[in-house]
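Results of the structural survey
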Amino acid sequence: MNTSLDTKSGEIILDVRNLQTHFGTGEKAVRAVDDISFQIRRGKTLCIVGESGSGKSVTARSILQIVDPPGKILGGQVLYYGKDPKGQDLAQLHERSKEIRSIRGHEISMIFQEPMTSLSPIHTIGNQIMEVILLHQNVDKAEARARAIELLRRVEIPNPGVAIDKYTFEYSGGMRQRAMIAMSLACNPKILIADEPTTALDVTTQAEILALIKELQTSYGMAVLFITHDMGVVAEIADEIGVMQNGKMLEFGSAEEIFYEAKHPYTLALIDSVRKLETSARAARGSRVTDKKLMEIRGVSKIYPARSNFLGKANPPFKALDNVSLDVFEGENLGIVGESGSGKTTLGNCVIRVLSCSGGEVLFRMADGRISDLAKAGTHELRQVHREIRMVFQDPFASLNPRMTIGQIVGEPLLVAGTHKGEALRKRAEELLAMVGMPAGAMERYPHAFSGGQRQRIGIARALALSPRLIIADEATSALDVTLRSQVLDLLLDLQDTLNLSFILVSHDIGVIRYFCDRVAVMYKGQVVEHGTAEKICTNPDHPYTKALISAVPGTHPRDKRIINRHRYDASAHGVKLSGS
């Protein structure tokens, strides 16, 4: 490729050549970015894809010289053609120099994965956007405020004249990410770097953010560098794709080339792991659901009383669950799907009595045939029930005690229940770890020594300790990379076949629900708006909200872009009673 000709024509705006960013020095150095090269073109979207630890985020941070210490750029060039037609090498600038600071947020902007930690909790959203404008543009505060309001309007924040004076905690997750996008666009950047900007968002919010970035890219003529591990998102938005693993660029090419002509086994595995979730493992394996009810959820509600926040503003009573009724059969996998705030996690917590119900019944048929109403059960009865119902949590690191060894963590339920001690306890812990594919040598190590996927396996081993009959998995795979996600789901299905388990799977991921579940309940604002077989819900739903949810799921082929033509749901138009109304 003739770089000088392409640069003259204005096609290439950033040329990364043989970039090397290491953490530490010498033989023990971690080569987070290991001699990679790629180009970003004006008006185009380059997606860098790879699993956690592949080096994709460090690559993005290296461009702007914001690598966390002890990370350091040790070699290569980052040639930026925004101002100088010959290219300005950003890798040679000092991280605190005036030159790089004039580029950050002005010429090249960045959206981070978690807006809650990227936005200040003690300054209003407006003040944070205005700060960027005042730093890089010659305007007064009144002009900066007007510009900030217009930016909030541009990213579709409702009532921007009021929203500008709100704090971060007063915004939803999707609105925070929109505010971050508004901030990144404050100075009309030439390049927008988006580092996993939709990973923590619901599928419908993700679709809105992806569509918004594409619309703004067209309006502003920006180049976009999009960092992600989700090949579905890549299929929707990418013009070009770079695949990274262990700091190296394994493949680079157009979206069509990568999806239809990929050569590296790792790239093929990433694509296959996404397409795998378009099928039903339950249908392929043969479901063993019986007609015997294991649990009956009847008219369950959860109301949080009125209270004031720390600013003294009164919040009205909030109905998190509104008359929810569902059945769970022996051997069944029941999926609970919905967006954040739909009540799905609250339902799971009420079922296992982490939270107390405000009304209704949760009838569980125990192994000895007794029926226990968990909504009213006392401490002694709950202790017995909790041997038969266990939970696997979303964050495998936060749910494991960092001061306990893996053997102690897995064995703790047995010790508390008084069923095992001494050598018997140790032997059972080893058996449980072996059951989830963990070596016996893991027993004496601590959680920090394991990957995210291994920690989730440890959490599953702990859940199996008391031989439960029902496991509630609350977003148990959402924190995992896509290949690990399918591995953990397959592990749970294998364990189900061996141990005759039933599952309630709480998730916002339609692919996970389709792959794992027999039946699905769709929740919206504390209500079940639709339920049925996984096949029916995922392919031919009836309710307008479910249609919107399904249509917002990214495709898995560049020739099958779904988000542009997705359904949108207007609750007021369909007469849905909102919680608290």
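Each remark here, short or long, concerns the structure printed above.
Bear in mind that the values here come from a model prediction, so they are computed numbers and not experimental data.

1. Observations regarding the sheet that holds strand β9 (residues 240-245)
Judged by pairing direction, the sheet is mixed, and its six strands sit side by side in the order β6-β7-β8-β3-β9-β10 without closing on themselves. With partners counted over all chains shown, the strands left at the sheet margins are β6 (108-111) and β10 (248-254), one partner each. Across the sheet, the axes of successive neighbouring strands diverge by a mean angle of 15°, strand direction being ignored. Here β9 runs beside β10; their pairing, made up of six bridges, is antiparallel. Within β10, the position partnered with Gln245 by the bridge is Lys248.

2. Observations regarding empty space enclosed by the protein
Counted according to the given criterion, the structure contains two cavities of 30 Å³ or more. Volume-wise, the largest cavity comes out at about 60 Å³. For the lining of the largest cavity, the elements supplying multiple residues, two or more each, are α9 (203-220) and β8 (223-228). The dominant element in the lining of the largest cavity, judged by the number of residues it contributes, is α9, at four residues. By residue class, the composition of the lining of the largest cavity is five nonpolar, two polar and one charged. In this structure, the second largest cavity spans a volume of roughly 40 Å³. If you go around the second largest cavity, the residues you meet are Ile297, Leu326, Leu334, Ile336, Leu347, Gly348, Val351 and Ile504.

3. Some points on the sheet that holds strand β1 (residues 12-23)
Taken in spatial order, the four strands line up as β2-β1-β4-β5 in an open sheet, and their pairing is antiparallel. The sheet is open, and its two borders are formed by β2 (30-41) and β5 (88-89), each paired with just one other strand. Where β1 lies against strand β4 (residues 71-80), eight bridges are found, and the strand directions are antiparallel. When the sheet's bridge partners are listed, Leu14 is paired in β4 with Tyr80. Across the face of the sheet, helix α2 (residues 56-63) comes into contact with β1, β2 and β4 while running at roughly 65° to β2.

4. Let's talk about the packing of helix α18 (residues 452-464) against helix α19 (residues 482-499)
Axis separation between α18 and α19 bottoms out at 10 Å; the angle between their running directions is 20°. In terms of orientation, α18 lies roughly parallel with respect to α19. Along this stretch, α18 crosses α19, giving a crossing that reads as right-handed. Counted together, Gly453, Gln456, Arg457, Ile460 and Leu464 of α18 and Leu484, Gln487, Val488, Leu491, Leu492, Leu495 and Leu499 of α19 form the full contact between these two elements. Here the contact of α18 with α19 is composed, by residue class, of eight nonpolar, three polar and one charged.

5. A closer look at the packing of aromatic side chains
In total, this model carries five aromatic pairs according to the counting rule given. With a centroid separation of 6.3 Å and an interplanar angle of 15°, the aromatic rings of Tyr167 and Phe169 are classed as stacked. Its relative accessible area of 31% is what places Phe169 among the partly exposed residues. Three or more aromatic residues joined by ring pairs form one cluster here, namely Tyr524, Tyr545 and Tyr569.

6. Focus: the nonpolar core
If you look at soluble globular proteins, the nonpolar side chains tend to sit buried side by side. Ile129, Ile181, Phe226, Ile241, Ile458 and Ile460 are the most contacted members of the largest nonpolar core, which has 118 residues in total. Those residues in contact with Phe226 that sit more than four places away from it in its chain are Thr45, Leu46, Cys47, Ile48, Ala194, Pro197, Thr198, Leu210, Ile213, Val233 and Ile237. Counting residues in hydrophobic clusters, the runner-up holds 32 residues, among them Leu64, Val78, Met244 and Met249.

7. Digging into the packing of helix α16 (residues 406-417) against helix α17 (residues 422-435)
In the contact formed by α16 and α17, the axes pass within 9 Å of each other and the chain directions differ by 110°. Considering the angle they form, α16 stands roughly perpendicular to α17. For the crossing formed where α16 meets α17, the hand is right-handed. Here Ile406, Gly407, Val410, Gly411, Leu414 and Leu415 of α16 lie close against α17, whose contacting residues are Leu425, Arg428, Ala429, Leu432 and Leu433.

8. A closer look at the side chain of Arg485
If you trace the backbone, Arg485 turns up in helix α19. Judged by relative accessible area, which is 10%, Arg485 ranks as buried. Beyond its immediate chain neighbours, meaning those up to four positions away, Arg485 contacts His229, Leu277, Thr477, Leu480, Asp509 and Val512.

9. Examining helix α12 (residues 265-276)
Owing to its 3.6 residues per turn, the α-helix aligns residues three or four sequence positions apart on the same side. In a regular helix each residue adds 1.5 Å, so 12 residues correspond to 16 Å; α12 covers 16 Å between its end C-alpha atoms and thus fits that length. Of all the residues in α12, the buried ones are Tyr266, Thr267, Leu270, Ile271, Ser273 and Val274. For α12, the arc enclosing every buried residue in end-on projection is 155°, short of the 170-degree limit, so these residues lie on one face. For α12, the secondary structure elements touched by its buried residues are β3 (45-49), α10 (231-237), β9, β10, α11 (255-261) and α19.

How each quantity is defined
Residues numbered from 1 in each chain as written. Predicted model: local features only at pLDDT ≥ 70, side-chain atom pairs only at ≥ 80, totals over all residues. Heavy atoms only, no water. Pairing = 2+ DSSP bridges. Helix = DSSP H or I, 4+ residues; strand = E, 2+ residues; numbered from the N terminus. Axes fitted to C-alpha atoms, helices over the stretch in contact; angles between N-to-C directions. 1 Å grid on protein atoms, 1.4 Å probe; cavity = no way out; pocket = protein on both sides within 12 Å on 5 of 7 lines; lining within 4 Å. Points joined across faces, edges and corners; volume = space filled by probe spheres on them. Nonpolar A, V, L, I, M, F, W, Y, C, P; charged D, E, K, R; others polar. Contact = heavy atoms within 4.5 Å. Parallel < 35°, antiparallel > 145°, perpendicular 65-115°, else oblique. Left-handed = near helix turned anticlockwise from the far one by under 90°. Phe/Tyr/Trp six-rings, centres within 6.5 Å; stacked < 30°, edge-to-face > 60°. Buried < 20%, exposed > 50% of the residue type's maximum accessible area, 1.4 Å probe, protein only. Core = buried A, V, L, I, M, F, W, Y, C linked by side-chain atoms within 4.5 Å. Expected span 1.5 Å × (residues − 1). Arc of directions from axis to C-beta.

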